[in-house]
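Observations on the three-dimensional arrangement
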Amino acid sequence: MVLRNYWMLLIWLLTVGLFLNVVIPKTLVTVEGKSEYRWGKFSAFLLVVPYIIWAGYRQGVGDTEVYRFSFGLAVDSLSQLPTYIASQSKDTGFYILNSLFKIFISSSSVYFFLSIAIFQVYCIVKTYRKYSSDFWLSILLFIISTDYVAYMFNGMRQFIAVCGIFACFGWIIRKDYFKTIVVILILSTIHQTVLIMIPIIFIIQGEAFNKKTMILILLTILVIIGVNQFTTFLENALKETQYNDILTSDVWKQDDGTNILRVLIYSIPMIFSFFGRKYIKDANDPIINICVNCSVITSLLYIVSKFTSGIFIGRLPIYTSLTAYILLPWLIDHMFEKKSASAVKFLMIGFYLLFFYFQMHFGWGLL
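A brief look at the structure comes next.

Criteria and cut-off values
Residues numbered from 1 in each chain as written. Predicted model: local features only at pLDDT ≥ 70, side-chain atom pairs only at ≥ 80, totals over all residues. Heavy atoms only, no water. Helix = DSSP H or I, 4+ residues; strand = E, 2+ residues; numbered from the N terminus. Contact = heavy atoms within 4.5 Å. Areas by Shrake-Rupley, 256 points an atom, 1.4 Å probe, with all protein chains shown as cover. Lys, Arg positive; Asp, Glu negative; His and termini not counted. Charge placed at Lys NZ, Arg CZ, Asp CG, Glu CD. Buried < 20%, exposed > 50% of the residue type's maximum accessible area, 1.4 Å probe, protein only. Phe/Tyr/Trp six-rings, centres within 6.5 Å; stacked < 30°, edge-to-face > 60°.

Moving on to the overall build of the protein chain. For the protein chain, the count of helices and strands is 21 helices and two strands. By its C-alpha atoms, the protein chain is 60 × 50 × 45 Å across when sized along the principal axes. Contacts in the protein chain between residues far apart in sequence, at least 24 positions, make up 76% of those at least 6 positions apart. Looking at the protein chain as shown, the accessible area adds up to about 17400 Å², and 66% of this sits on carbon and sulfur atoms. Charge-centre separation for the protein chain: the mean point of 29 positive side chains lies 6 Å from the mean point of 20 negative side chains.

Phi at Glu32 is positive, roughly 50°, even though this residue is not glycine. Looking at the element boundaries, Glu32 is found in the loop between strand 1 (27–31) and strand 2 (34–38). With relative accessibility at 29%, the residue Glu32 sits in the partly exposed group. Backbone geometry at Asn284 places phi at a positive 45°, although glycine is not the residue there.

Here the focus is the packing of aromatic side chains. Scanning the entire structure with this criterion turns up 26 aromatic pairs. Aromatic side chains Phe71 and Phe101 sit 6.1 Å apart centroid to centroid with 65° between the ring planes, which places their arrangement in the edge-to-face category. Residue Phe71 is found in helix 3 (residues 64–73), and its partner Phe101 is found in helix 5 (residues 92–104); the two are separated by 30 residues along the sequence. Across the pair, exposure class does not vary: Phe71 and Phe101 are buried alike. Aromatic side chains Phe142 and Phe159 sit 6.1 Å apart centroid to centroid with 10° between the ring planes, which places their arrangement in the stacked category. On the criterion of sequence distance, the pair formed by Phe142 in helix 7 (residues 135–144) and Phe159 in helix 9 (residues 156–166) is long-range, its members being 17 residues apart. Each member of the pair, Phe142 as well as Phe159, carries the same accessibility label: buried. Here a set of aromatic residues connected by ring pairs shows up, and it is made of Tyr6, Tyr51, Trp54, Phe142, Tyr148, Tyr151, Phe153 and Phe159.

In structure tokens form, the structure reads like this:
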């Protein structure tokens, strides 16, 4: 059950995944008023079930053992719960989740990890099945970009919040802000960084590359120019929050920012979108418009993290970067003829594969 050979992450998708993609008939569904062919639920489940198991049975990767230790400390009776929660200084929702699972379901950390993985993968599959024109490619990009390992094997708590808001993608498209903000507030008890999505759900509305995104680009340039002033502003803004010691911590001081290669990789969707502006404007698809604007925010956050902190600021783009794997298949299919599109997809996969090897081998030592 434990993943020993991390090449299996890709081998499964490139063998069984491709077989399912070619052989299993697609289902006709309605997506925001339009009829589209999508993967069926059963074939989608077959595609992702190994990733649930591997995440659930993982060992010694990232902060897995920290979460395992935290789960071990969780109380196993309701009478102890109030005292235990009172002893937690931040993100109490996660610790309540730990304890309730331990009290009512199981004291096994493996089962707890499996349950979290099921929730996370369900949110991802639900959204990609409905909104991606190429579900298989979207899942492949999620895996090969190393987001899967980075967040399901490592940043599990934050990724609960990420997946929860990602599952609300339909509400964001339809501008159902009340429901979305309620979910964000609930998820903020798991990981408070999700609060960044409250302004973002308004900023990403409208046409691709609209005035709001242009203002963000200008602000990013100003942040880079005045990075010291930005750090002072951030310190004052965080003063009354649970993150008030971030800028004075040794982690921040020793952090030299996000690797430039990662910044470039996550800027690919925005760069593609810039060159495909004509096709995006002609389609005027609200789903794609939102994905494009999300890609702008992702790139800008990564650029800021390059000049500030890869550990703290560099973890924020995951809230918007998952939409890139809806955007890229659409862009390639609309910007290129059928034969050319296949070649571009092949080249893109090859490029991401190089990044996968670089990150997994040199970055994390897993290959």
